[in-house]
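# Commentary on secondary and tertiary structure
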Amino acid sequence: SGKVPGLHYSMQPRTAKTFDHLADLCMIHHQLELFLWLQKKLPSNAVEVMRAEALKERTIQMINSGLFKAEKLTLSYDYISKDVRIKKEWASERRGEEDEI
(Lines give C-alpha, C1' and ligand atoms only; values in the text may rest on other atoms or scores of the structure.)
Protein backbone atom coordinates (compact mmCIF):
# COMPACT_ATOMS: atom_id res chain seq x y z
CA SER A 1 0.00 0.00 0.00
CA GLY A 2 3.05 2.27 0.02
CA LYS A 3 2.77 3.19 3.70
CA VAL A 4 5.86 3.14 5.86
CA PRO A 5 5.44 1.59 9.32
CA GLY A 6 6.17 3.72 12.36
CA LEU A 7 5.17 7.17 13.47
CA HIS A 8 3.45 9.43 10.99
CA TYR A 9 4.69 13.00 10.65
CA SER A 10 1.15 14.32 11.29
CA MET A 11 1.66 13.29 14.91
CA GLN A 12 3.84 16.35 15.50
CA PRO A 13 2.26 18.22 18.42
CA ARG A 14 1.53 21.92 17.99
CA THR A 15 0.65 24.62 20.48
CA ALA A 16 -3.03 24.59 21.43
CA LYS A 17 -4.79 27.76 20.31
CA THR A 18 -8.31 26.34 20.57
CA PHE A 19 -10.04 23.60 22.52
CA ASP A 20 -10.07 21.59 19.28
CA HIS A 21 -6.26 21.80 19.16
CA LEU A 22 -6.16 20.67 22.80
CA ALA A 23 -8.37 17.70 21.92
CA ASP A 24 -6.02 16.91 19.00
CA LEU A 25 -3.07 16.91 21.40
CA CYS A 26 -4.91 14.45 23.65
CA MET A 27 -5.59 12.22 20.64
CA ILE A 28 -1.91 12.33 19.62
CA HIS A 29 -0.93 11.42 23.19
CA HIS A 30 -3.33 8.47 23.12
CA GLN A 31 -1.94 7.26 19.78
CA LEU A 32 1.62 7.53 21.08
CA GLU A 33 0.66 5.55 24.20
CA LEU A 34 -0.80 2.81 21.99
CA PHE A 35 2.26 2.82 19.74
CA LEU A 36 4.61 2.51 22.72
CA TRP A 37 2.50 -0.27 24.25
CA LEU A 38 2.57 -2.17 20.96
CA GLN A 39 6.32 -1.68 20.63
CA LYS A 40 6.80 -3.23 24.08
CA LYS A 41 4.70 -6.23 23.04
CA LEU A 42 6.26 -6.59 19.57
CA PRO A 43 9.59 -4.73 19.49
CA SER A 44 10.70 -3.73 16.02
CA ASN A 45 12.42 -0.34 15.90
CA ALA A 46 14.31 1.20 18.82
CA VAL A 47 14.75 4.52 17.00
CA GLU A 48 10.97 4.87 16.53
CA VAL A 49 10.45 4.07 20.23
CA MET A 50 12.87 6.83 21.26
CA ARG A 51 11.17 9.23 18.86
CA ALA A 52 7.74 8.29 20.22
CA GLU A 53 8.88 8.78 23.80
CA ALA A 54 10.25 12.23 22.93
CA LEU A 55 7.03 13.15 21.09
CA LYS A 56 4.98 11.90 24.03
CA GLU A 57 6.91 14.12 26.48
CA ARG A 58 6.56 17.12 24.16
CA THR A 59 2.84 16.41 23.76
CA ILE A 60 2.37 16.21 27.54
CA GLN A 61 4.11 19.57 27.93
CA MET A 62 1.88 21.11 25.27
CA ILE A 63 -1.28 19.65 26.85
CA ASN A 64 -0.27 21.05 30.23
CA SER A 65 0.50 24.41 28.66
CA GLY A 66 -2.88 24.40 26.91
CA LEU A 67 -4.68 23.53 30.14
CA PHE A 68 -2.81 26.29 31.96
CA LYS A 69 -4.11 28.89 29.50
CA ALA A 70 -7.52 27.25 28.93
CA GLU A 71 -9.34 30.49 29.73
CA LYS A 72 -7.74 32.07 26.65
CA LEU A 73 -8.48 29.20 24.27
CA THR A 74 -11.31 29.66 21.81
CA LEU A 75 -14.22 27.29 21.42
CA SER A 76 -15.41 26.78 17.87
CA TYR A 77 -18.79 25.47 19.02
CA ASP A 78 -21.13 27.46 21.23
CA TYR A 79 -22.80 25.00 23.59
CA ILE A 80 -24.59 27.74 25.52
CA SER A 81 -26.40 29.12 22.44
CA LYS A 82 -27.37 25.61 21.40
CA ASP A 83 -28.70 24.88 24.88
CA VAL A 84 -30.80 28.07 24.89
CA ARG A 85 -32.20 27.24 21.44
CA ILE A 86 -33.09 23.67 22.46
CA LYS A 87 -34.82 24.90 25.63
CA LYS A 88 -36.88 27.39 23.60
CA GLU A 89 -37.87 24.68 21.12
CA TRP A 90 -38.81 22.33 23.96
CA ALA A 91 -40.88 25.04 25.68
CA SER A 92 -42.62 25.81 22.38
CA GLU A 93 -43.45 22.13 21.85
CA ARG A 94 -44.77 21.86 25.41
CA ARG A 95 -47.06 24.88 24.86
CA GLY A 96 -48.30 23.26 21.65
CA GLU A 97 -49.10 20.03 23.54
CA GLU A 98 -50.93 21.95 26.27
CA ASP A 99 -53.01 23.81 23.66
CA GLU A 100 -54.13 20.47 22.19
CA ILE A 101 -55.42 19.27 25.57
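Residues numbered from 1 in each chain as written. Predicted model: local features only at pLDDT ≥ 70, side-chain atom pairs only at ≥ 80, totals over all residues. Heavy atoms only, no water.

## Digging into the overall build of the protein chain
Where we set the bar: By the criteria applied, helices consist of DSSP H or I runs no shorter than four residues and strands consist of E runs no shorter than two, each listed in order from the N terminus.
Looking only at helices and strands, the protein chain features three helices and zero strands. If you list the helices and strands of the protein chain from N to C, you get α-α-α.

## A closer look at a nonpolar patch on the surface
Definition in use: What goes into a patch is any residue over 30% in relative accessible area without a salt bridge, connected to like charges within 9 Å or, for nonpolar side chains (Val, Leu, Ile, Met, Phe, Trp, Tyr), within 5 Å. Each accessible area is a Shrake-Rupley result for a 1.4 Å probe, and residues are judged covered by the shown protein chains and nothing else. Any carboxyl oxygen of Asp or Glu within 4 Å of a side-chain nitrogen of Lys or Arg constitutes a salt bridge here.
Together, W37, L38 and L42 give the surface a local cluster of nonpolar side chains, amounting to about 340 Å² of exposed area. With respect to the helices and strands, the residue L42 is situated in the loop between α1 (19-41) and α2 (46-68).

## Here's the deal with the pattern of salt bridges
As a reminder, the rule being used: The cut-offs for exposure are 20% and 50% of the maximum accessible area for each residue type, with area from a 1.4 Å probe on protein chains only; residues under the lower value are buried, those over the upper are exposed, and the others partly exposed.
Applying the stated criterion across every chain, the model contains four salt bridges. In this structure, the salt-bridge partner of E33 is K56, at a minimum N-O distance of 2.5 Å. Here E33 is found in helix α1, whereas its partner K56 is found in helix α2, with 23 residues between them in sequence. For E33, a relative accessible area of 33% translates into the label partly exposed. The partner of E48 in a salt bridge is R51, with the nearest N and O atoms 3.6 Å apart. Pair noted here: E48 and R51 are both in helix α2, with a separation of three residues, about one helical turn.

## Concerning the packing of α1 against α2
Operational definition: For helices, the fitted axis covers only the stretch in contact; all axes are lines through C-alpha atoms, and the angles between them, taken along N-to-C directions, range from 0 to 180 degrees. In what follows, roughly perpendicular refers to angles from 65 to 115 degrees, roughly parallel to angles under 35, roughly antiparallel to angles over 145, and oblique to any angle outside these ranges. A clockwise turn of the near helix away from the far one marks a right-handed crossing, whereas an anticlockwise turn of less than a right angle marks a left-handed crossing. In this description, contact between two residues means that some pair of their heavy atoms is separated by no more than 4.5 Å. Residues are grouped as follows: Ala, Val, Leu, Ile, Met, Phe, Trp, Tyr, Cys and Pro are nonpolar; Asp, Glu, Lys and Arg are charged; all remaining types, including Gly, are polar.
Taken N-terminus to C-terminus, the directions of α1 and α2 make an angle of 155°; their axes are 9 Å apart at the nearest point. It follows from the interaxial angle that α1 and α2 lie roughly antiparallel. Seen along the crossing, α1 lies across α2 with a hand that is left-handed. Between α1, through L22, L25, C26, I28, H29, L32, E33, F35, L36 and Q39, and α2, the contact on the second element is made entirely by E48, V49, A52, E53, L55, K56, T59, I60, M62, I63, G66 and L67. Grouping the constituent residues of the contact of α1 with α2 by class yields 14 nonpolar, four polar and four charged.

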